[in-house]
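Below are the chains, spelled out letter by letter.
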Amino acid sequence: MKQTFKKSERLCSKKTIGQLFQKGSATTRTFYLFPFRLLYMDDPERTDPLPAVLISVSSRNFKKAVDRNLIRRRVREAYRLNKALLFGTAEKPKQPPAYIVFLYTARAIISFEEIEKSMKLALGRV
């Protein structure tokens, strides 16, 4: 699998983002895995095999845009390098969800190595 992160893999639809963040939704599944809260949802109408991804860093926790962008870049790179884990192995293939949201919940800037370790665990769990 190519280790790219194209425009088609980015979640931009306001309607879909609203559905993911809707309280009490039966279609959205969520879990916490430090430093992330993951929201994900399936969509039978989506034809692209790769999930659409949204990465969110709160401006409440990080006032400076430089810090938010740094964290976003680290999370995006960790996802790009490890997104093959979403498809499982050749012996045990699995279908990834259509949409995934990574909410960065930590209140400090974490090193790339820790983010990547958490990303691997999160993608294995999805």
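Residues numbered from 1 in each chain as written. Predicted model: local features only at pLDDT ≥ 70, side-chain atom pairs only at ≥ 80, totals over all residues. Heavy atoms only, no water.

The name an unreviewed UniProt entry gives the protein chain is Ribonuclease P protein component, with Larkinella punicea as the organism. Entered under Catalytic activity (unreviewed entry) in the UniProt record, the comment concerning the protein chain runs "Endonucleolytic cleavage of RNA, removing 5'-extranucleotides from tRNA precursor." Database annotation for the protein chain, UniProt heading Subunit (unreviewed entry): "Consists of a catalytic RNA component (M1 or rnpB) and a protein subunit." (UniProt positions renumbered as here; feature names shortened; annotations may be inferred.)

K.L.:
Where do I start with the nonpolar core in this structure?
P.N.:
Side chains of a nonpolar character, in soluble globular proteins, are inclined to be buried together. Membership of the largest hydrophobic core comes to 24 residues, with the highest contact counts inside it found for Phe-36, Leu-38, Val-75, Tyr-79, Phe-102, Tyr-104 and Met-119. Breaking this core down by element, the ones donating at least two residues are β2 (36-41), β3 (52-57), α2 (65-82), β4 (99-104) and α3 (112-125). The residues contacting Phe-36, other than those within four sequence positions of it, are Phe-31, Val-75, Phe-102, Leu-103, Tyr-104, Thr-105, Ile-115, Ser-118 and Met-119. Membership of the second largest hydrophobic core comes to ten residues, among which are Leu-11, Leu-20, Leu-39 and Tyr-99. (Core = buried A, V, L, I, M, F, W, Y, C linked by side-chain atoms within 4.5 Å. Buried < 20%, exposed > 50% of the residue type's maximum accessible area, 1.4 Å probe, protein only. Helix = DSSP H or I, 4+ residues; strand = E, 2+ residues; numbered from the N terminus. Contact = heavy atoms within 4.5 Å.)

K.L.:
Is there a simple way to explain the packing of aromatic side chains in this structure?
P.N.:
Inspection of every chain in the model, using the stated rule, returns six aromatic pairs. Ring geometry for Phe-5 and Tyr-79: centres 5.7 Å apart, planes at 80 degrees, overall edge-to-face. Of this pair, Phe-5 sits in the segment before α1 (14-20) while Tyr-79 is found in helix α2, placing the two residues 74 residues apart along the sequence. A relative accessible area of 0% places Tyr-79 in the buried class. (Phe/Tyr/Trp six-rings, centres within 6.5 Å; stacked < 30°, edge-to-face > 60°.)

K.L.:
Would you take a moment to explain unusual backbone geometry for this structure?
P.N.:
With an omega dihedral of 5 degrees, the bond running from Phe-34 to Pro-35 counts as a cis peptide bond. Along the chain, the position of Pro-35 falls in the loop between β1 (29-33) and β2.

K.L.:
Where do I start with the environment of Glu-9 in this structure?
P.N.:
Within the secondary structure, Glu-9 sits in the segment before α1. Of the residues examined, Glu-9 reaches a relative accessible area of 1% and is grouped as buried. Distance from Glu-9 to Asp-48, taken between C-alpha atoms, is 8.8 Å for residues 39 residues apart in sequence. Among all residues touching Glu-9, those that are not within four sequence positions of it are Thr-4, Leu-50, Pro-51, Ala-52, Val-53, Tyr-79 and Lys-83. Side chain to side chain, Glu-9 and Lys-83 meet in a polar contact 2.9 Å long. (Polar contact = N/O pair within 3.5 Å; in protein donor to acceptor, adjacent residues only side chain to side chain.)

K.L.:
Explain α2 to me, please; I cannot follow it from the model alone.
P.N.:
Because an α-helix packs 3.6 residues into every turn, residues spaced three or four apart end up facing the same way. Taking 1.5 Å as the rise per residue, α2 with 18 residues should run 26 Å; its terminal C-alpha atoms sit 26 Å apart, in good agreement. Of the positions making up α2, those classed as buried are Arg-68, Ile-71, Val-75, Ala-78, Tyr-79 and Asn-82. The buried side chains of α2 occupy one side of the element, clustering within an arc of 100 degrees when seen end-on. (Expected span 1.5 Å × (residues − 1). Arc of directions from axis to C-beta.)

K.L.:
Looking at this structure, how should I read the packing of α2 against α3?
P.N.:
For any two helices packed against each other, the geometry is given by the interaxial angle and the distance between the axes. One way to put it is that α2 packs onto α3 with a least axis distance of 9 Å and a crossing angle of 50 degrees. The angle between α2 and α3 falls in the class oblique. Between α2 and α3 the crossing geometry is right-handed. Taking contact as the criterion, the partners of Arg-74, Val-75, Glu-77, Ala-78, Tyr-79, Leu-81 and Asn-82 in α2 are, on α3, Phe-112, Ile-115, Glu-116, Met-119, Lys-120 and Leu-123. Of the residues that constitute the contact of α2 with α3, the class distribution is eight nonpolar, one polar and four charged. (Axes fitted to C-alpha atoms, helices over the stretch in contact; angles between N-to-C directions. Parallel < 35°, antiparallel > 145°, perpendicular 65-115°, else oblique. Left-handed = near helix turned anticlockwise from the far one by under 90°. Nonpolar A, V, L, I, M, F, W, Y, C, P; charged D, E, K, R; others polar.)

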